[in-house]
Amino acid sequence: MLRNWATGGPVRAAALWDDPAAADPVRVRAGAVVIRDEQMLLIGFEEEDGQPFYEIPGGGVETGETLHTAAVRELREESGLAGSVIKEVARVWKDNRREHYFLLEAEGEIGAREQLDNHGGTPVWIPMDRLPTTPVWPRRLAWRIAHWHTAGWPTPPAELADSIHDLQADCTW
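For clarity, every value in this text was computed on a predicted model and none was experimentally measured. (Residues numbered from 1 in each chain as written. Predicted model: local features only at pLDDT ≥ 70, side-chain atom pairs only at ≥ 80, totals over all residues. Heavy atoms only, no water.)

Visitor: What's the story with the overall build of the protein in this structure? I'm lost.
Guide: Within the protein one finds 3 helices and 9 strands. Counting only residues that meet the buried cut, the protein has 41% of its 173 residues in that class. Long-range pairs, those at least 24 residues apart, make up 66% of the contacts in the protein with a sequence separation of at least 6. Summing over all exposed atoms, the protein offers an accessible surface of approximately 10000 Å²; the carbon and sulfur share of this is 51%. (Helix = DSSP H or I, 4+ residues; strand = E, 2+ residues; numbered from the N terminus. Buried < 20%, exposed > 50% of the residue type's maximum accessible area, 1.4 Å probe, protein only. Contact = heavy atoms within 4.5 Å. Areas by Shrake-Rupley, 256 points an atom, 1.4 Å probe, with all protein chains shown as cover.)

Okay, here's the thing in structure tokens:
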């Protein structure tokens, strides 16, 4: 609708506004953004067709747990790294989920795969300049992290609604 309005095309009836922050989430996730030596830690997976995709380390917030504690715990479980929160950089709303992403400092080395709890994924370091074209979920966050790393981190955290399901699609906006 917005594209049609901006280009002078036909504008259909107005769409109803669905504020993702207004409803209680079905899941709350805390994610850990860890950058070392111009590389970001991601958890790599492979689709059934052999195509790789990546996720930012993180997972569900447990009952009674703070977002910060969950991000640090998930980083340790999925990579073996010990971390500490620097700041919250983004909140992503997608499919009735709320996800909070934190920039973390992390120490140590990646743990042995058999000792990690990352649902069959593999921790990998991806160069920052490759993030915009790497199939990372959430899609709209990956390229922003690469930008923020050089231009400065947002204050307050960026608020994003991510509706992209195709991780291979270009996303530089």
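That was the structure; now back to the text.
Visitor: Explain the pattern of salt bridges here, please?
Guide: Pairs may arise between side chains of opposite charge once their charged atoms sit close together. Scanning the model with the defined rule gives 7 salt bridges in all. Salt-bridge contacts for Arg73 lead to Glu62; the nearest nitrogen and oxygen are separated by 3.6 Å. Of this pair, Arg73 sits in helix 2 (residues 67-79) while Glu62 sits in the loop between strand 4 (58-60) and helix 2, and the two are 11 residues apart along the sequence. Overall, Arg73 belongs to the buried group, its relative accessible area being 8%. Judged by its relative accessible area of 45%, Glu62 falls in the partly exposed class. Where Glu88 meets Arg91, a salt bridge forms, and the shortest distance between an N and an O atom there is 3.1 Å. By relative accessible area, Glu88 is classed as buried at 15%. Note on Arg91: relative accessible area 24%, which makes it partly exposed. When salt bridges with common partners are traced through the structure, they connect Glu62, Glu65, Arg73, Glu74 and Glu77 into a single cluster. (Salt bridge = Lys/Arg side-chain N within 4 Å of Asp/Glu carboxyl O.)

Visitor: Help me understand the pairing of strand 2 (residues 39-46) in this model?
Guide: In regular strands, side chains alternate between the two faces of the sheet. Most of strand 2 is tucked away: 6 of the 8 residues are buried. Here 2 bridges tie strand 1 (residues 27-36) to strand 2, and the two strands are oriented antiparallel to one another. Residue pairing in the sheet places Ile35 in a bridge with Met40 of strand 2. Hairpin connection from strand 1 to strand 2: 2 residues lie between these consecutive antiparallel strands, with Asp37 at a positive phi of about 50 degrees. As defined by bridge partners, strand 2 adjoins strand 7 (residues 122-127) across 6 bridges and the pair is classed as antiparallel. By the bridge assignment for strand 7, Leu42 is matched with Val124. By the bridge criterion, 4 bridges tie strand 2 to strand 3 (residues 52-55) in an arrangement that is antiparallel. The residue of strand 3 that forms the bridge with Gly44 is Tyr54. Following strand 2, the chain reverses through 5 residues before pairing antiparallel with strand 3; Gly50 in that reversal takes a positive phi of roughly 90 degrees. (Pairing = 2+ DSSP bridges.)

Visitor: I tried to follow the packing of aromatic side chains on my own but got confused; where do I start?
Guide: Two measures describe an aromatic ring pair: the distance that separates the ring centres and the angle between the ring planes. Scanning the model with the defined rule gives 2 aromatic pairs in all. Their ring planes at 20 degrees and their centres at 5.3 Å tell us that Phe45 and Phe53 sit as a pair that is stacked. Phe53 carries the same exposure label as Phe45, and that label is buried. Taking the centre distance of 6.1 Å and the plane angle of 55 degrees together, the rings of Trp148 and Trp153 count as tilted. Between the NZ or CZ atom of Arg98 and the centre of the ring of Trp93, over which it lies, the distance is 5.8 Å. (Phe/Tyr/Trp six-rings, centres within 6.5 Å; stacked < 30°, edge-to-face > 60°. Lys NZ or Arg CZ within 6 Å of the ring centre and 35° of its normal.)

Visitor: In this structure, what is going on with the nonpolar core? I would like to understand it.
Guide: Generally speaking, soluble globular proteins have nonpolar side chains that are buried together. Counting 23 residues, the largest nonpolar core has Val33, Met40, Ile56, Tyr101, Leu131, Leu141 and Ile145 as the members making the most contacts within it. Contributing elements (two or more residues each) for this core: strand 1, strand 2, strand 5 (82-94), strand 6 (97-107), strand 8 (136-137), helix 3 (139-151) and strand 9 (158-161). Of the residues forming this core, the biggest block, 5 residues, is contributed by helix 3. (Core = buried A, V, L, I, M, F, W, Y, C linked by side-chain atoms within 4.5 Å.)

So yeah, pure geometry; function would need other evidence.
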